[in-house]
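Here are the chains, one letter per residue:
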Amino acid sequence: MRQEDVERLHAESRVHPVHAPERDEAGEVPMITLGGMHVSSYLVLEPGGEVRVRLSVDLDEVSSAILTDAGTLPMELLVGEQRVWWGKLETRTSER
């Protein structure tokens, strides 16, 4: 992949102010679609009243352009400027 390809994927990204996640009862939450990934960051109210921030990444429609030859997705998670996780995620493509 070239820098121009990365810039094109960024330009093609879409922000969805709200959508209803299928896997939990958080209601309508914000989401961005980038390279076929659907990424949501939202608040979840726990039974005891505590609020938790949830980051959800749906890879069902991820573009093969951003996958490795093995079908995995290299990913890095930063909180502030601190790298808290990095690695390669299995996708449905890599499980076949």
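My aim in this report is to walk through the structure given alongside it, one point at a time. Quick caveat, the model's predicted, so the values are computed rather than measured.

The subject of this paragraph is the overall build of the protein. From N to C terminus, the protein includes two helices and six strands. Secondary structure elements of the protein, listed N to C terminal, follow the sequence α-β-β-β-β-β-β-α. Of all 96 residues assigned to the protein, the portion counted as buried reaches 23%. Counting only contacts in the protein whose residues sit at least 6 apart along the sequence, the fraction spanning at least 24 positions is 22%. A total accessible area of about 7300 Å² is found for the protein, and carbon and sulfur atoms account for 51% of it.

Let us look at the pairing of strand 4 (residues 51-58). Relative to strand 4, strand 3 (residues 37-45) runs antiparallel, the two being bridged by eight bridges. Its bridge partner lying in strand 4, Leu-43 is registered against Val-53.

Looking now at the nonpolar core. Listed in full, the five residues of the largest apolar core are Met-37, Leu-59, Val-62, Leu-67 and Leu-73. Each residue touching Val-62, except ones within four places of it in the same chain, is listed here: Gly-35, Gly-36, Met-37, Leu-67 and Thr-91.

Now for the sheet that holds strand 3. Overall, antiparallel pairing links the four strands, which are arranged 1-2-3-4 in an open sheet. The sheet terminates laterally at strand 1 (14-19) and strand 4, the two strands that pair on one side only. With direction set aside, neighbouring strand axes in the sheet form an average angle of 20 degrees. Judged from the four bridges that link them, strand 2 (residues 29-34) and strand 3 form a sheet pairing that is antiparallel. Across the sheet, the residue bridging to Leu-34 is Met-37, located in strand 3.

Overall, the coordinates contain zero aromatic pairs when judged by the stated rule. The ring of Trp-86 is capped by Arg-83, whose NZ or CZ atom sits 4.5 Å from the centre of that ring.

A word on a nonpolar patch on the surface. On the surface, a cluster of nonpolar side chains totalling about 470 Å² of accessible area is made up of Leu-55, Val-57, Leu-77, Val-79, Val-84 and Trp-85. For the nonpolar patch, the secondary structure elements donating two or more residues are strand 4, strand 5 (73-79) and strand 6 (82-89). Structurally, the position occupied by Leu-55 is in strand 4. Residue class for Leu-55 comes out partly exposed when judged on its relative accessible area of 48%.

The rules behind these values
Residues numbered from 1 in each chain as written. Predicted model: local features only at pLDDT ≥ 70, side-chain atom pairs only at ≥ 80, totals over all residues. Heavy atoms only, no water. Helix = DSSP H or I, 4+ residues; strand = E, 2+ residues; numbered from the N terminus. Buried < 20%, exposed > 50% of the residue type's maximum accessible area, 1.4 Å probe, protein only. Contact = heavy atoms within 4.5 Å. Areas by Shrake-Rupley, 256 points an atom, 1.4 Å probe, with all protein chains shown as cover. Pairing = 2+ DSSP bridges. Core = buried A, V, L, I, M, F, W, Y, C linked by side-chain atoms within 4.5 Å. Axes fitted to C-alpha atoms, helices over the stretch in contact; angles between N-to-C directions. Phe/Tyr/Trp six-rings, centres within 6.5 Å; stacked < 30°, edge-to-face > 60°. Lys NZ or Arg CZ within 6 Å of the ring centre and 35° of its normal. Patch = residues over 30% accessible without salt bridge, like charges linked within 9 Å, V, L, I, M, F, W, Y side chains within 5 Å. Salt bridge = Lys/Arg side-chain N within 4 Å of Asp/Glu carboxyl O.

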